[in-house]
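Survey of secondary and tertiary structure
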Amino acid sequence: MSAARRASRAAAPRSGTAGGLTIAEVAAATGTSAHTLRYYERIGLIRSVSRARSGHRRYGPDDVRWVEFLRKLHATGMPIRRMLAYAALVRRGDETISERRALLEAHRDDVAAKLAEQQAHLAIIEKKVSLYLDLEQQSARKRAS
């Protein structure tokens, strides 16, 4: 671990648990289940998490930020295999910055296309809602006359 990373971990606020956050605390903080956290660690999406003497996982602030980012990638539809590719690039270091950017740009483009499609669907729904409002108003005027 680099000196900067050690300093970041040492300076970051911790929970009441000595040595970092428990898996339950990270699950609650990130909206991720403990099962998913263990799965992400098992498949290599999360690096091996440090352990307390008891053997329980202890997550640092960098771990939490990483999980939060993974959640955003997942929520925007990035497949696990693409997330794994991104994680592998991150672990390889700065020489992969261009590859990481390209991977995220491709994902951004996918998300933008899906958003555009959803906006087109929403426009059709809005048009139908407007049509029904007009029909209701016409019906109310007929009843009133």
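Our subject in this report is the structure included herewith. Everything numeric in this text was worked out from a predicted model, so none of it was measured.

What follows covers the overall build of the protein chain. When its secondary structure is counted, the protein chain shows 6 helices and 0 strands. Starting at the N terminus, the α and β elements of the protein chain follow one another as α-α-α-α-α-α. For the protein chain, the proportion of its 145 residues judged to be buried stands at 27%. Pairs at least 24 apart in sequence give 56% of the contacts found in the protein chain among residues at least 6 apart. When the accessible surface of the protein chain is summed, it comes to about 9700 Å², and 58% of that surface belongs to carbon and sulfur atoms.

Let us look at a nonpolar patch on the surface. A cluster of nonpolar side chains, Leu122, Ile125, Val129 and Leu133, forms an exposed patch at the surface whose accessible area comes to about 350 Å². Mapped onto the fold, Leu122 is located in helix α6 (residues 97–144). The exposure class of Leu122 is partly exposed, given its relative accessible area of 45%.

If you check α6, its first and last C-alpha atoms are 68 Å apart, about what 48 residues at 1.5 Å a residue would give, namely 70 Å. All of the buried residues along α6 are Arg100, Leu103 and His107. Considering only its buried residues, α6 is in contact with α4 (61–75) and α5 (80–92).

Right, let's get into the packing of aromatic side chains. In this structure the tally under the stated criterion is 4 aromatic pairs. Centroid distance Trp66 to Phe69: 6.2 Å. Interplanar angle 40°. Geometry classified as tilted. Here Trp66 pairs with Phe69, and both are found in helix α4, just 3 residues apart, close to one helical turn. Ring centres 6.1 Å apart and planes at 10° place the aromatic pair Trp66 and Tyr86 in the stacked group. On the criterion of sequence distance, the pair formed by Trp66 in helix α4 and Tyr86 in helix α5 is long-range, its members being 20 residues apart. Accessibility assignment for this pair places Trp66 and Tyr86 in one class, buried. An aromatic cluster of at least three residues, connected via ring pairs, comprises Trp66, Phe69 and Tyr86.

Here we come to the nonpolar core. Ranked by internal contacts, the top residues of the largest apolar core, which has 21 residues, are Leu37, Ile46, Tyr59, Leu70 and Met83. Of the residues forming this core, the biggest block, 5 residues, is contributed by α4. Not counting the four nearest positions on each side in its chain, Ile46 is found in contact with Leu37, Tyr40, Glu41, Trp66, Val67, Leu70 and Arg91.

Scoring rules and cut-offs
- Residues numbered from 1 in each chain as written.
- Predicted model: local features only at pLDDT ≥ 70, side-chain atom pairs only at ≥ 80, totals over all residues.
- Heavy atoms only, no water.
- Helix = DSSP H or I, 4+ residues; strand = E, 2+ residues; numbered from the N terminus.
- Buried < 20%, exposed > 50% of the residue type's maximum accessible area, 1.4 Å probe, protein only.
- Contact = heavy atoms within 4.5 Å.
- Areas by Shrake-Rupley, 256 points an atom, 1.4 Å probe, with all protein chains shown as cover.
- Patch = residues over 30% accessible without salt bridge, like charges linked within 9 Å, V, L, I, M, F, W, Y side chains within 5 Å.
- Salt bridge = Lys/Arg side-chain N within 4 Å of Asp/Glu carboxyl O.
- Expected span 1.5 Å × (residues − 1).
- Phe/Tyr/Trp six-rings, centres within 6.5 Å; stacked < 30°, edge-to-face > 60°.
- Core = buried A, V, L, I, M, F, W, Y, C linked by side-chain atoms within 4.5 Å.

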